[in-house]
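Structural description and commentary
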Amino acid sequence: MTRFITESEVEEVALQILQELGYEIIFGPEIAPAPEGTRPERETYSDVVLVGRLKKAIRKINPNLSYEIIDSAVKKVLQHGSQKLVEDNFSFHRMLVEGIDIEYRAKSGGIRGEKVWLFDFENPENNEFLAVNQFTIIEDNNNRRPDIILFVNGLPLVVIELKNPAIEKATLKAAFDQHQTYMAQIPSLFRFSEILVINDGNNTSAGTISSGLSRFSPWKTINGKMFGPPKKSFLEVLIKGIFEKKTLLDLVRHFVVFENEKTGLVKKLAGYHQYNATNNALEATIKASRERGDKRGGVVWHTQGSGKSLTMVFYTGKLVLNPEMENPTIVVLTDRNDLDDQLFDTFSACNEILRQKPVQVKNRKHLRELLKVASGGIVFTTIQKFLPEQKGDSFPLLSKRRNIVVIADEAHRSQYDFIDGFARHLRDALPNASFIGFTGTPIEKSDKSTRAVFGKDVDVYDVNQSVEDGATVRIYYESRLAKLDLKPEERPKIDPEFEEVTEGEEFNYKERLKSKWARMEKIVGSSK
């Protein structure tokens, strides 16, 4: 593994990698305000946005807009909407991903509106990527100089903090604490920050302005392939894995969510496993839903505690925007009311990334109303609501559209039973829908019915990898022998009661049941 000697060497290596990715590299003092800067791009040291570059980029991306509209959009970008940093950051993030609506008075005298885009998400090369080191910022008499700031179209999206590995106190925590100091002393920079990076010379992790240290995570893939020491340093893998131009724009647009928690508004960035799973699942779903597709989107197996629910959110958010899906309808399926409520709450908290509000089904009638629409919608329901009104009947046809995607949570469960059970009625209702399964436990090789419905694994993140990444904690088991006994007075009651509950069953079947339930531990594990 590469061992860096000084902080400046770490910085130089990072800049070199960024240059390989196509970033323009600039030494901060060169673009400092006059007279210090040799080619100034800022009026004062409190300016954190390179306004000239921002205006130029907006004109390039929105060629038909007037200078007046562009100036109005830039003013909105620079305005602080809240005294709370995370809320202010949320407002800016929405401008990035949703565009800025500007009203103006037309020549006819009426009021018209235009959408102004800050980024060209479809064509990464139509944006400007800049890496600046030693960028001095002075705010409220606090003079600070972050190691590296990444600008996209003049906006400071990424702040990278590096530490000297030769110093004993150079840890990830020290880099994290430095970010906390910066946020307290030069908060205007972090209003625009999408990603924060910390490095101690060896280890490198990424998070957001609201992430605690434990929520900063390593990034271990480049273009979906695992890398790490000794072939590549963690710093190189993270920079190439996250800050490749297309990937960075993809992360900003589809893989950042804000959720209200007890501590307030929290900003979350997808981990590498969530990012890769989403894109793999999306590709499989699009293929499955095509005219000649087999309607099997595959299975995403991500171990419990690794953020599976948020992965489902990221997947759904990106799916609904995909032009090939033509405004799909998403059905999120569970087999228990409590799971349905939990997932619905998670999705509802992230409705901005979904670009719509999800709806939870109340009853069978409500289900039919929601699924008879021409397009769109994110519908939450339990599998039991696909039961026909009368036993033995088929569930009525609701839609023949192919752009309906059913997301089954814990896809391995036997309750789904696509042959004779509830899910067969779902197939009757939505015969051309595609199915994708998400599960926190591995699907056994012998489980052929689940594979028949969902297809092969499209992404796997097992417990060993999750523990190694720090996403979940290791579980230890202690073997114990529990002493079991049955009261003597209860024993004579067993056989008569068994005969009563199995009355009418065939003799061979009754004998198999006797054999199964004869062991004491089987009885103890029963709910009755």
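This text follows the structure it describes.
Read on for an overview of the structure. (Residues numbered from 1 in each chain as written. Predicted model: local features only at pLDDT ≥ 70, side-chain atom pairs only at ≥ 80, totals over all residues. Heavy atoms only, no water.)

Here we take up the sheet that holds strand β9 (residues 195-199). Ordered in space as β1-β4-β7-β8-β9-β10, the six strands form an open sheet in which the pairing is mixed. The strands lining the two open edges of the sheet, one partner per strand, are β1 (24-27) and β10 (204-207). The sheet shows a mean angle of 20° between the axes of neighbouring strands, taken without regard to direction. One ladder, built from five bridges, connects strand β4 (residues 129-133) with strand β7 (residues 148-152); its direction is antiparallel. Looking at the pairing, Phe 129 lines up with Val 152 of β7. (Pairing = 2+ DSSP bridges. Helix = DSSP H or I, 4+ residues; strand = E, 2+ residues; numbered from the N terminus. Axes fitted to C-alpha atoms, helices over the stretch in contact; angles between N-to-C directions.)

Our focus in this paragraph is the pattern of salt bridges. By the definition in use, this model includes 26 salt bridges. The closest approach of N and O atoms between Arg 53 and Glu 24, which form a salt bridge, is 3.5 Å. You can see Arg 53 sitting in helix α2 (residues 51-61) and its partner Glu 24 sitting in strand β1, a full 29 residues away along the chain. For Glu 24, a relative accessible area of 32% gives the class partly exposed. Residue Lys 115 is joined to Asp 101 by a salt bridge in which the shortest nitrogen-to-oxygen separation is 3.1 Å. (Salt bridge = Lys/Arg side-chain N within 4 Å of Asp/Glu carboxyl O. Buried < 20%, exposed > 50% of the residue type's maximum accessible area, 1.4 Å probe, protein only.)

Our next topic: the packing of helix α1 (residues 7-20) against helix α7 (residues 234-242). Two numbers describe how α1 lies on α7: the axes approach to 10 Å, and their chain directions differ by 35°. The crossing of α1 and α7 is right-handed. Across the interface between the two elements, Val 10, Ala 14, Ile 17, Leu 18 and Glu 20 of α1 pack against Leu 235, Glu 236, Ile 239 and Lys 240 of α7. The class makeup of the residues in the contact of α1 with α7 is six nonpolar, no polar and three charged. (Left-handed = near helix turned anticlockwise from the far one by under 90°. Contact = heavy atoms within 4.5 Å. Nonpolar A, V, L, I, M, F, W, Y, C, P; charged D, E, K, R; others polar.)

With that settled, the discussion passes to the pairing of strand β2 (residues 100-105). Burial of the side chains of β2 is restricted to one face: Ile 100, Ile 102 and Tyr 104 are buried, whereas none of Asp 101, Glu 103 and Arg 105 on the reverse face is. Pairing of β2 with strand β3 (residues 111-116) involves six bridges; the strand directions are antiparallel. Residue pairing across strands places Ile 100 opposite Val 116, the latter belonging to β3. Linking two consecutive strands that pair antiparallel, namely β2 and β3, is a turn of five residues; a positive phi of about 105° is found at Gly 109 within it.

Within the secondary structure layout, Arg 402 lies in the loop between β18 (378-382) and β19 (404-409). The buried charged residue Arg 402 lacks any salt bridge partner; its closest oppositely charged side chain belongs to Glu 291, at an N-O distance of 4.6 Å. There is a polar contact of 3.1 Å between the side chain of Arg 402 and the backbone oxygen of Ser 289. Looking at Arg 402, its side chain comes within polar contact range of the main-chain oxygen of Arg 290, at 2.7 Å. Leave out the neighbours within four places in its chain, and Arg 402 touches Ala 288, Ser 289, Arg 290, Glu 291, Gly 293, Lys 295 and Asn 432. (Lys, Arg positive; Asp, Glu negative; His and termini not counted. Polar contact = N/O pair within 3.5 Å; in protein donor to acceptor, adjacent residues only side chain to side chain.)

Moving on to the side chain of Arg 53. Under the relative-accessibility criterion, Arg 53 is labelled buried at 13%. Within the local environment of Arg 53, its side chain forms a polar contact with the side chain of Glu 24, the two groups lying 3.5 Å apart. Among the polar contacts listed, one links the side chain of Arg 53 to the side chain of Glu 128, at a separation of 2.7 Å. Other than its neighbours up to four places away in sequence, Arg 53 contacts Glu 24, Ile 26, Glu 41, Glu 128, Leu 130, Asn 153 and Gly 154.

We now examine the packing of aromatic side chains. Going through the model one piece at a time under the given rule, you end up with 16 aromatic pairs. Arranged with centres 5.6 Å apart and planes meeting at 80°, the rings of Phe 176 and Phe 216 form a pair that is edge-to-face. Here Phe 216 lies in the loop between β10 and β11 (221-222) and Phe 176 lies in helix α5 (residues 172-185), a separation of 40 residues in the sequence. Relative accessible area serves as the criterion here: at 12%, Phe 176 is assigned to the buried category. A relative accessible area of 6% means that Phe 216 is categorised as buried. Judged by centre distance (5.8 Å) and plane angle (55°), the rings of Trp 219 and Tyr 275 are tilted. Linking Trp 219 in the loop between β10 and β11 with Tyr 275 in helix α9 (residues 272-289), this pair joins segments that are 56 residues apart in sequence. Each member of the pair, Trp 219 together with Tyr 275, is buried. Of the aromatic side chains, those joined through ring pairs into one cluster are Trp 219, Phe 255, Tyr 272, Tyr 275, Phe 314 and Tyr 461. Here the guanidinium or amino end of Arg 42 rests over the ring plane of Phe 135, the centre of that ring lying 3.9 Å away. Here Lys 232 stacks its cationic end above the ring of Phe 227, 5.4 Å away from the centre of that ring. (Phe/Tyr/Trp six-rings, centres within 6.5 Å; stacked < 30°, edge-to-face > 60°. Lys NZ or Arg CZ within 6 Å of the ring centre and 35° of its normal.)

Looking now at the sheet that holds strand β15 (residues 296-302). Taking strand neighbours across the sheet as the criterion, the seven strands line up as β17-β18-β16-β19-β20-β15-β21 in an open arrangement whose pairing is parallel. Sheet topology places β17 (359-360) and β21 (457-461) at the edges, where each strand pairs with a single neighbour. When strand β16 (residues 329-334) meets β19, the two strands line up parallel, connected through five bridges. Bridge assignment links Ile 330 to a residue of β19, and that residue is Val 405. On top of the sheet, helix α11 (residues 337-349) reaches β16, β17, β18 and β19; it is set at about 165° to β18, its chief contact.

We now examine helix α13 (residues 364-371). For an α-helix, 3.6 residues make a turn, and residues three or four places apart therefore share a direction. Here α13 has its buried residues at His 366, Leu 367, Leu 370 and Leu 371. Each buried residue of α13 sits inside an arc of 120° when the element is viewed along its axis, so together they form one side. Those residues of α13 that are buried lie in contact with β16, β17 and β18. Of the residues that open α13, the one with a side-chain oxygen 3.2 Å from the backbone nitrogen of Lys 365 is Asn 363. (Arc of directions from axis to C-beta.)

Grouped together as the largest cluster of nonpolar side chains are 113 residues, with contacts concentrated most on Leu 118, Leu 155 and Phe 243. Phe 243 has contacts with Leu 18, Leu 21, Tyr 23, Leu 150, Val 158, Ile 160, Ile 195, Val 197, Leu 238 and Leu 248, leaving out every residue within four places of it along the chain. Counting residues in each nonpolar core, the second largest holds 24 residues, with Val 331, Val 361, Leu 430 and Ile 443 among its members. (Core = buried A, V, L, I, M, F, W, Y, C linked by side-chain atoms within 4.5 Å.)

Contact geometry for helix α10 (residues 308-321) and α11: axes closest at 10 Å, N-to-C directions at 55°. The angle between the axes of α10 and α11 places the two elements in the oblique class. Crossing hand, α10 versus α11: right-handed. For the pair α10 and α11, the contacting residues are Ser 309, Met 312, Val 313 and Thr 316 in the first and Leu 343, Thr 346 and Phe 347 in the second. Of the residues assigned to the contact of α10 with α11, the class counts are four nonpolar, three polar and no charged. (Parallel < 35°, antiparallel > 145°, perpendicular 65-115°, else oblique.)

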